[in-house]
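# A look at the structure
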Amino acid sequence: MRIEILGCSATIGGNRRTTSLLVDGDTLVDAGSGVGELDLDGLLAIRRVFLTHAHLDHSGFLPLLADAGAGRRSGPLPVWALPETIAALEQHMFNGVLWPDYTIRPSPAAPYLTFHPLRVGEPVAADGKTVTPLPARHSIPAVGFALQGSGGGLAFSGDTTYCPEFWEALKGIPELRAVMVETTFLNAQRQEAVLAGHTTPALLARGLAHLRGRPEILITHLEAGHEDQTLAEIGSAVSDFAVTQARRGQILSL
Ligand SMILES: [Zn+2]
Ligand SMILES: [Zn+2]
């Protein structure tokens with residue numbers, strides 16, 4: 001698998017792009033502003049999209065992605081998400097007001113986009129790899145994902161606070177090579193983090209304690225302006241893992 005990090009920030013500003021991962025050029029995990037970095041050929045090469053949850057920093061570029069391929073794809077763009085996420089996007093995004101309802105446009109028989117419900121733990125095959133939703137605890141229904149290819153596995157938390165079920169699920173991933181995990185807030189913001197469904201460095205350390213192996217740890221979704229301070233707190237809280245900040249443009253080969 002070749003995983004290109006198109007965006008991994010909690011917000012925009014300067015070089016920051018919001019969450020979007022491109023897997024093998026054909027599978028998109030989240031459609032934040034990072035996906036806007038692809039050229040038209042890159043956008044048209046996307047054959048499926050998986051969404052962790054409905055928040056705009058993870059879904060906001062989906063309408064534009066569908067639009068960029070409108071009429072140029074051989075069929076609809078399949079979008080996989082939790083039923084609650086699909087309901088939110090149908091009601092608030094593809095509702096004929098904020099954006100055309102591409103699930104029935106240009107025609108119900110040949111729409112630009114189709115939604116497919118995910119269930120936690122049930123893998124979806126995706127051109128030689130599998131994408132399996134993992135448990136998460138966020139302010140709205142959300143999942144992480146396990147990406148499994150022939151060269152090993154990568155887990156991505158999406159947005160979540162400390163979720164023991166997420167960390168326990170990682171034990172079942174064969175050859176887990178890397179974990180991309182969010183750490184949005186500082187330790188002093190713990191209450192806010194738990195309420196909003198996000199992780200602090202101390203909560204990250206609590207999660208990592210579940211792991212038996214030592215996969216590479218990549219930190220995502222750092223709050224803008226606090227990146228260095230958060231990473232310093234992670235450095236103090238976590239000692240026995242190789243931890244780095246995930247970077248836009250970074251490519252992981254598994
Ligand atoms: Zn979120
Ligand atoms: Zn987010």
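To keep things clear, this report deals only with the structure shown in the data block. (Residues numbered from 1 in each chain as written. Chains lettered and ligands numbered in written order. Predicted model: local features only at pLDDT ≥ 70, side-chain atom pairs only at ≥ 80, totals over all residues. Heavy atoms only, no water.)

## What to know about the overall build of the chain
Across its full length, the chain carries 8 helices and 14 strands. Taken over the C-alpha trace, the chain has a radius of gyration of 17 Å; the compact-globule value for 254 residues is 18 Å, and the two agree within 12%. Split into buried and exposed, the 254 residues of the chain put 53% on the buried side. A fraction of 59% describes how many contacts in the chain between residues 6 or more apart in sequence connect residues 24 or more apart. Within the structure as shown, the chain displays about 10700 Å² of accessible surface, and the carbon and sulfur contribution to it stands at 52%. The average position of the 19 basic charges and that of the 26 acidic charges among the side chains of the chain differ by 3 Å. (Helix = DSSP H or I, 4+ residues; strand = E, 2+ residues; numbered from the N terminus. Rg over C-alpha atoms; globule rule 2.2 N^0.38 Å. Buried < 20%, exposed > 50% of the residue type's maximum accessible area, 1.4 Å probe, protein only. Contact = heavy atoms within 4.5 Å. Areas by Shrake-Rupley, 256 points an atom, 1.4 Å probe, with all protein chains shown as cover. Lys, Arg positive; Asp, Glu negative; His and termini not counted. Charge placed at Lys NZ, Arg CZ, Asp CG, Glu CD.)

## Things to note about helix α7 (residues 201–208)
Those residues of α7 that sit buried are Pro-201, Leu-203, Leu-204, Gly-207 and Leu-208. Viewed end-on, α7 has its buried residues packed into an arc of 160°, placing them on one side of the element. Each element contacted by the buried residues of α7 is listed here: α5 (164–170), β11 (176–182), α6 (190–196), β12 (216–220) and α8 (227–237). (Arc of directions from axis to C-beta.)

## A word on the coordination of the zinc ion (ligand 1)
Those donors, His-53 (NE2), His-55 (ND1), His-138 (NE2) and Asp-159 (OD), are the protein atoms that reach the zinc ion (ligand 1), and they lie 2.1 to 2.4 Å from it. What the 4 donor atoms of the zinc ion (ligand 1) show is an angle range of 91 to 168° at the metal, which sorts the shape as irregular. In the primary structure, the donors to the zinc ion (ligand 1) are separated according to the pattern H-x1-H-x82-H-x20-D. Separating the zinc ion (ligand 1) and the zinc ion (ligand 2) is a distance of 3.6 Å, and Asp-159 donates to both of them. (Donors = N, O, S within 2.8 Å, 3.2 Å for Na, K, Ca; no water. Tetrahedral: all angles 85-135°; square planar, octahedral: opposite > 155°, others 65-115°.)

## Digging into the pairing of β12
Burial runs high along β12: 4 of the 5 residues are buried. Pairing geometry for β11 and β12, over 5 bridges, is parallel. Bridge pairing in β12 links Ala-178 to Glu-216. One ladder, built from 3 bridges, connects β12 with strand β13 (residues 243–245); its direction is parallel. Directly across from Ile-217, in β13, lies its bridge partner Val-243. Since β12 and β13 lie parallel, the crossover through α8 that links them has a hand, and here it is right-handed. (Pairing = 2+ DSSP bridges. Right-handed = clockwise from strand over helix to strand, strands pointing away.)

## Looking at the coordination of the zinc ion (ligand 2)
Here the zinc ion (ligand 2) is held by Asp-57 (OD), His-58 (NE2), Asp-159 (OD) and His-221 (NE2), and the distances to it run 2.0 to 2.2 Å. For the zinc ion (ligand 2), the 4 donor atoms are set out with angles of 91 to 162° between them, so the coordination reads as irregular. Positions of the donor residues of the zinc ion (ligand 2), expressed as sequence spacing, correspond to D-H-x100-D-x61-H. Look at Asp-57 and you get buried, because its relative accessible area is 16%. Here His-58 falls in the buried class, since its relative accessible area comes to 0%.

## Quick look at the side chain of Thr-161
In this structure, Thr-161 sits in the loop between β10 (152–156) and α5. A distance of 2.9 Å separates a polar atom in the side chain of Thr-161 from the backbone oxygen of His-198. If we skip the residues at most four places from it in the chain, Thr-161 touches Arg-137, Ala-193, Val-194, Gly-197, His-198, Thr-199 and Leu-203. (Polar contact = N/O pair within 3.5 Å; in protein donor to acceptor, adjacent residues only side chain to side chain.)

## Comments concerning α8
Among the residues of α8, those classed as buried are Glu-227, Thr-230, Glu-233 and Ile-234. Buried residues of α8, seen end-on, are gathered within an arc of 130° and therefore sit on one face of the element. Seen from the buried face of α8, the exposed residues on the opposite side, beyond 90 degrees, are Asp-228, Gly-235 and Ser-236. On its buried face, α8 is in contact with α7, β12 and β13.

## Details of unusual backbone geometry
Peptide bonds are trans in most cases, and residues, glycine excluded, mostly fall at negative phi. Geometrically, the link from Arg-105 to Pro-106 is a cis peptide bond, its omega value of 0° lying close to zero. With respect to the secondary-structure elements, Pro-106 resides in the loop between α4 (83–92) and β6 (113–117). Its identity as a non-glycine residue notwithstanding, Asp-24 has a phi of 55°, on the positive side. Mapped onto the fold, Asp-24 is located in the loop between β2 (20–23) and β3 (27–29). Located in the positive-phi region is His-221, a residue other than glycine, with phi close to 65°. Following the sequence through the fold, His-221 ends up in the loop between β12 and α8.

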